[in-house]
Amino acid sequence: MLITDLGAQRYHFWRFSSDSEVVVFDLRTGATHVLDEDSADLLVCLQEGAMPSSVLVEKMQLVFPETPQQELEEFVTNTLAEFEMLGLLDTTGWGA
């Protein structure tokens, strides 16, 4: 799956030290979302530009080196589908 370029300034993130959730404001749509920290980390990676989902898995392995690759692949796939459903990203083609 190739993820389209989200633009470096599309989102504002707020992390609260007493909570494991992150508030994300989408400047393009005006929508506010509450994500878990892991999902927010993935969204931050997506702001770097267009990339295949396999590269996202590699980036997440740097964040979570103890997590098995298969778990990270499932996490990335499921979270990208959730992001797309929420309107946080657009994809061009599934399956890279």
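The rules we used
- Residues numbered from 1 in each chain as written.
- Predicted model: local features only at pLDDT ≥ 70, side-chain atom pairs only at ≥ 80, totals over all residues.
- Heavy atoms only, no water.
- Helix = DSSP H or I, 4+ residues; strand = E, 2+ residues; numbered from the N terminus.
- Buried < 20%, exposed > 50% of the residue type's maximum accessible area, 1.4 Å probe, protein only.
- Contact = heavy atoms within 4.5 Å.
- Core = buried A, V, L, I, M, F, W, Y, C linked by side-chain atoms within 4.5 Å.
- Salt bridge = Lys/Arg side-chain N within 4 Å of Asp/Glu carboxyl O.
- Axes fitted to C-alpha atoms, helices over the stretch in contact; angles between N-to-C directions.
- Parallel < 35°, antiparallel > 145°, perpendicular 65-115°, else oblique.
- Left-handed = near helix turned anticlockwise from the far one by under 90°.
- Pairing = 2+ DSSP bridges.

## Examining the overall build of the protein chain
A count of helical and extended segments in the protein chain gives 3 helices and 6 strands. Along the protein chain, helices (α) and strands (β) appear in the sequence β-β-β-β-α-β-α-α-β when read from the amino end. Each of the 96 residues in the protein chain was classed as buried or not, and the buried ones make up 33%. Partitioning the intrachain contacts of the protein chain with sequence separation of at least 6 by distance along the chain shows that 50% fall at a separation of at least 24.

## Focus: the nonpolar core
Residues Leu42, Leu43, Leu46, Leu56, Val76, Leu80 and Phe83 are the most contacted members of the largest nonpolar core, which totals 19 residues. Secondary-structure elements contributing two or more residues to this core are strand 3 (21-26), helix 1 (37-46), helix 2 (53-63) and helix 3 (69-86). A total of 5 residues in this core trace back to one element, the largest contributor, which is helix 1.

## A short note on the pattern of salt bridges
The final tally for this structure, using the stated rule, is 1 salt bridge. The partner of Lys59 in a salt bridge is Glu48, and the shortest N-O contact between them spans 2.6 Å. Note that Lys59 is positioned in helix 2 and Glu48 in the loop between helix 1 and strand 5 (51-52), a separation of 11 residues in sequence. When its relative accessible area of 54% is taken as the criterion, Glu48 is described as exposed.

## A closer look at the packing of helix 1 against helix 2
Remark: helix 1 packs on helix 2, axes separated minimally by 10 Å, with the N-to-C direction vectors making an angle of 125 degrees. With respect to each other, helix 1 and helix 2 are oriented oblique. Considering the relative orientation of helix 1 and helix 2, their crossing is right-handed. Between helix 1, through Asp38, Asp41, Leu42, Cys45 and Leu46, and helix 2, the contact on the second element is made entirely by Leu56, Lys59, Met60 and Val63.

## Quick notes on the pairing of strand 3
Here strand 3 shows a clear split, with Val22, Val24 and Asp26 buried on one side and none of Glu21, Val23 and Phe25 buried on the other. The sheet contact formed by strand 2 (residues 11-15) and strand 3 spans 5 bridges and is antiparallel. Its bridge partner lying in strand 3, Phe13 is registered against Val24. Two elements, strand 3 and strand 4 (residues 32-36), share 5 bridges in a ladder whose sense is antiparallel. What sits directly across from Val24, in strand 4, is His33. Two successive antiparallel strands, strand 3 and strand 4, enclose a turn made up of 5 residues, where Gly30 displays a positive phi of approximately 80 degrees.

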